[in-house]
Each structure stands twice: as C-alpha cells, then as structure tokens.
Amino acid sequence: MALALNPIQIMKSEAEEERSETARLSSFIGAIAVGDLVRSTLGPRGMDKILVAMGRSEGQIEVTNDGATILRNIGVDNPAAKILVDISKTQDDEVGDGTTSVVVLASELLREAEKLVSMRLHPQTIIAGYRKATDAARTALTNAARDNSANPESFKEDLMRIAKTTLSSKILAQHKEFFAKLAVDAVLRLKGSGNLDAIQIIKKTGGTLGDSFLDEGFILEKKIGVNQPKRIEKARILVANTPMDTDKIKVFGSKISVDSTAKVAELELAEKEKMKAKVQKILKHDINVFINRQLIYNYPEQLFADAGVMAIEHADFAGIERLALVTGGEIASTFDAPELVNLGTCDVIEECIIGEDRMIRFSGVKMGEACTVVLRGATTQILEEAERSLHDALCVLTQTVKETRVVYGGGCSETLMARAVQEAATHMPGKEALAMESFAKALLTIPITISDNAGFDSAQLLSELRAGHADGGDTLGLNMEDGTIDCMAQVGITESFQVKRQVLLSAAEAAEMILRVDDILKAAPRKRTTDMGHC
C-alpha cells in the first residue's frame, strides 16, 4: 500500500507562488485590464477620468485623459500591470506623448498572445513572430516618414500640424489653433536646444483658456518690497540662497537674563549691526537687484531700499533655479569674494499685473530663448489639465526639432504598419506567421479604438481604411470630425516619427517581457521584531 507523501515546503509559509498557466493567465489579465482602463481616453474624442485622492490629501481631485497621469495615480497590485504603468512613464519621460497608445497596443498584443497560447503555440514561438513583425513594422514606418527640415517654412507647418494633432485629444482641443501656435513659438525660441526649463508655465485662475498668452522673458510670482524701486533698467542681479538672520538671537523666543531693559536694546542693536554688515557685503557686488530664496526681513529690506536696490524675498525654489538659468547668473550663498560670483543680467525688471495678482517681469534676459506661458482658466482642475496638455505638446515639438521626420496620424501609420506585417507573414513558413498576423491585428486596434471613442462604426471605417491602403492610398486615415476616411496630408493630421517609433518598440518589448513569464513568486513579508536585542 503506497503512502501519501506530504509536499515538501521550500518557501516560507506566507510566500506565494503562481506557476505556468496560472501565472501566465494572471499576467495577461492584469495587463489587459490596464489597457482597457485607459482605452476610452484615446483619440480626439476620448473621454476623461476623475481621479480622487485618498489618505493624506483626501478629497483632492484630478480630471485628466493623460495616460501617464492616470496610471501614475492608480494603485496596481498585479506585476504585469505594473510593467505597463512603467512603460507609460517611460514614454512620458522620453517623448512626452503616446502614453495611452503604448499601453493600449501592449495590452492588445497580450490579448492576441493569449489566444495563440490557448491554441498551444509556445510563448517563444510567439515572441519570435512578434520580433519579426516589429522589424517589418519599423521598416514600413521609416519608409513612410517625411523630412522637411531643409525647408524652414514647411518644417514650421509640420510643427504646427503636430501640435494641433497632439492637442486634439486634450482639453485644449477647442483652442488648438491658438495653443499650437503658442507652443510652436515657444519651442522655436529654444533654437534647437530642447531645454524646456527655459519655458515657464504659470497658472492663474480666472478668465478662460482663450485668455492665456505667451510672454517673452521671465515672470516671477512675487511682489516688489515696500519702498523698493518699481522698475530697474540694465539690471545686475545677485541670486542668493542665504539666511539674512544667521546670527540673530530670537529675542522673544529665548530666555535672556539681563540687569536692565537697556541690555535688551544692546542685544537688538548688536543683531542689527550683524545684519547690516551682511547687507554691506552683498552691496559690494555692485548690484541693483537682490533676489533671495529665504526671507529678507524688514531691517535688511529697509537697508536695500535706502541703497536703491530692489530686494525680492522668498522666491520659490523652482523659480529661483530657473531665474539663475535664464539670467546667466549663479546662486550664491557666501559674499566674501564678489569677484568670484557671476551676476545675472537683464534689460528691464518691472511690476506687471496678471489677473488680480502683481508679479515681476524680467525682460531681455541673457538666455534669449526664455519665455513664460500664462495659462488662464475657470478652475484649478482645468488649469492643471491644460498644463499637462501643453507640456505634452512642448515635449513632442522639442523631440521633433531634434528628430525632424514626421508621419501621418489618424490611424494611417498603424494601418500602413499592419499591412506591411501582414504581407511579411504571407512569406513566412511555420507557426511564427500566426504570431505576425496577430501583431498586425493588434496594430489595427489603434484606429478601431479612435473610431469607437468618437461614436462611429469602427467595423465599417476600418474595412474602408484597409481597402484604401490596399489600393495604394498610403496617406489615408480617419477623419474624426466627419467620421469618414480622408487623406491625412490634406486634413493636416501629422505626428512625430519619434513618438510613433517609441510606441511600437516599447509596446512590443513590454509584451515580450510579460509573455516570457511562467512563474510569479511573491516573497513573504519581513516580520517586524519587537526584540530590541543587541545593535
């Protein structure tokens, strides 16, 4: 009689393991769920999501259709889902746009892979097919790309079209012509440097989105101090991060034993003398503007006013970092060697009013490409979403200035790549051809989703789109204004080649990584010990 053996326990009791089919199914389900979550936000008619914060910032809400923002704020527990969240973040950091597309494409590749696995295709066979399909798609995309960088007028028109296409799916869609011009003007000021730190975005509630504007130079969200000059020409600026009360004894917060009140007056006088000495050191730099990261306090401010120096205190850290960058100065913290400190310069510093707030405008800064975008809007949520939308457009445009090739949007590029992959699959003997056909099918999900989100008949439009491409209409795509198939060159729906290529490669890599998984191990949590023991 055979004895039943107990299974040998290798891992700790609280550790978990999912093997083979169970692990694969768990990965597929998690990734597909994340794709379905953001799918409805894709395209010019995509819907928005409301994100409600819990815990410390409970009640705070965000309204957005930006894929990276949505995925960054949702808590996912599934490991495969976390991989898709990461590729969305990477896409956002690398090129700024296509964050939803990359997740939707990766999840669809895994949905197709799930069907192939159920047909008993080995994951390695599917991966091999996907790799060949990726190469065929990338070649087709590269061949379809156009480059107008040699003609400044045509290139600027390309940038305008890319900006309008990017903004079409955002909250700024109603004003896309205005904001596209604003974004292109801001990026062309960078003169190819791609340094987005030179473009400052200020959000001010009130007015409408159409009241937003681009201001040349730099605007600091601060007021000029009492009795300070309100306008300075040919400014020599010392940007500092220093406490003006280093040696100050907090008289009212300290215990001081004195014989008489006269001694307290002596203490205060001594403190004033130390502060005055520091101000004298600062004035030796031959400056007429002093901007400090920390508080300046009344007495030093009075001394600066007497010397005819504009003093600005408590400049926010991001503001002061950017200010040092655009004025060509450096942030100082000691003042014993004036000859070693680089001062910032600018033509005019004056007070300006935006909405109901007074601010300080720096015109004619040393870094000529510096500019400020002032966004106006009805609510904080609208302004935050407008900032995210504009940031996406600025990122895509700076990438396009570096990688000047462009491709057509509206599902045109995906249909072109799908057709190339399908064609390559017909010449591929073996099971890999099935994986390549599935890859082509996944690529067509992008135009299908764009059409579905706009409320049109995706089956009809896709069949017309595929037929048009088969007949040689390589520029045909979806016109979501009329719900028809149209020439993207005439409609002006253009996208950055860099964004499209990154979407294709990142989605394929993420799908391959998840497809390789056949075991999920969750480690046992580390026990919190109460025994203090020996250190």
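Residues numbered from 1 in each chain as written. Predicted model: local features only at pLDDT ≥ 70, side-chain atom pairs only at ≥ 80, totals over all residues. Heavy atoms only, no water.

**Brief notes about the overall build of the protein chain**
Okay, so step 1: A tally of helices and strands in the protein chain yields 17 helices and 19 strands.
Okay, so step 2: Taking 2.2 N^0.38 as the reference for a compact globule, 535 residues should give roughly 24 Å; the C-alpha atoms of the protein chain span a radius of gyration of 30 Å, well beyond that estimate.
Okay, so step 3: C-alpha atoms of the protein chain, sized along the principal axes, occupy 100 × 80 × 40 Å.
Okay, so step 4: Residues counted as buried form 48% of the 535 residues belonging to the protein chain.
Okay, so step 5: Once local pairs closer than 6 in sequence are excluded, the contacts in the protein chain between residues at least 24 apart make up 74%.
Okay, so step 6: Of the accessible surface of the protein chain, which amounts to about 26,600 Å², a share of 50% is contributed by carbon and sulfur atoms.
Okay, so step 7: Counting 63 positive and 77 negative side-chain charges, the protein chain places the centres of these two groups 3 Å from one another. (Helix = DSSP H or I, 4+ residues; strand = E, 2+ residues; numbered from the N terminus. Rg over C-alpha atoms; globule rule 2.2 N^0.38 Å. Buried < 20%, exposed > 50% of the residue type's maximum accessible area, 1.4 Å probe, protein only. Contact = heavy atoms within 4.5 Å. Areas by Shrake-Rupley, 256 points an atom, 1.4 Å probe, with all protein chains shown as cover. Lys, Arg positive; Asp, Glu negative; His and termini not counted. Charge placed at Lys NZ, Arg CZ, Asp CG, Glu CD.)

**Considering the sheet that holds strand S14 (residues 371-377)**
Okay, so step 1: Ordered by their spatial adjacency, 3 strands build an open sheet running S5-S14-S6, and the pairing between neighbours is mixed. Only two strands of the sheet have a single neighbouring strand rather than two, namely strand S5 (199-205) and strand S6 (213-216). Pairwise comparison of adjacent strand axes, ignoring direction, gives a mean angle of 25° for this sheet.
Okay, so step 2: In terms of strand pairing, S5 meets S14 through 7 bridges, oriented parallel. If you follow Ile-199 over to S14, its bridge partner there is Cys-371.
Okay, so step 3: Here helix H7 (residues 176-189) sits on the sheet and contacts S5, S6 and S14; the angle it forms with S6, its principal contact strand, is near 20°.
Okay, so step 4: Across the sheet, helix H11 (residues 380-402) is in contact with S5 and S14; its angle to S5 comes to roughly 160°. (Pairing = 2+ DSSP bridges. Axes fitted to C-alpha atoms, helices over the stretch in contact; angles between N-to-C directions.)

**Quick notes on the side chain of Glu-385**
Okay, so step 1: Here Glu-385 shows up in helix H11.
Okay, so step 2: Only 3.2 Å separates the side chain of Glu-385 from the backbone nitrogen of Asn-65, close enough to count as a polar contact.
Okay, so step 3: In this structure the side chain of Glu-385 is engaged in a polar contact, spanning 3.0 Å, whose partner is the side chain of Arg-388. (Polar contact = N/O pair within 3.5 Å; in protein donor to acceptor, adjacent residues only side chain to side chain.)

**Examining the environment of Leu-141**
Okay, so step 1: Here Leu-141 shows up in helix H5 (residues 123-144).
Okay, so step 2: Remark: the alpha-carbon pair of Leu-141 and Leu-397, spanning 256 residues in sequence, is separated by 19 Å.
Okay, so step 3: Residues in contact with Leu-141, not counting those within four places in the same chain, are Val-407, Ser-413, Met-417, Phe-497, Lys-500 and Arg-501.

**Quick look at the packing of helix H13 (residues 432-443) against helix H14 (residues 445-453)**
Okay, so step 1: Where H13 contacts H14, the two axes come as close as 4 Å, and the packing angle between them is 25°. With respect to H14, the element H13 is oriented roughly parallel. Where H13 abuts H14, its residues Lys-441, Ala-442 and Leu-443 lie against Thr-445, Ile-446 and Pro-447.
Okay, so step 2: Looking at the contact of H13 with H14 residue by residue, the classes come out as 4 nonpolar, 1 polar and 1 charged. (Parallel < 35°, antiparallel > 145°, perpendicular 65-115°, else oblique. Nonpolar A, V, L, I, M, F, W, Y, C, P; charged D, E, K, R; others polar.)

**Topic: unusual backbone geometry**
Okay, so step 1: Positive phi is not limited to glycine here, since Lys-234 has a value of about 50°.
Okay, so step 2: The topology assignment puts Lys-234 in strand S8 (residues 231-240).
Okay, so step 3: In this structure, Tyr-297 takes a positive phi of about 75° despite not being glycine.
Okay, so step 4: Looking at where Tyr-297 falls in the secondary structure, it is placed in the loop between strand S9 (289-292) and helix H9 (298-306).
Okay, so step 5: Note on Tyr-297: relative accessible area 28%, which makes it partly exposed.

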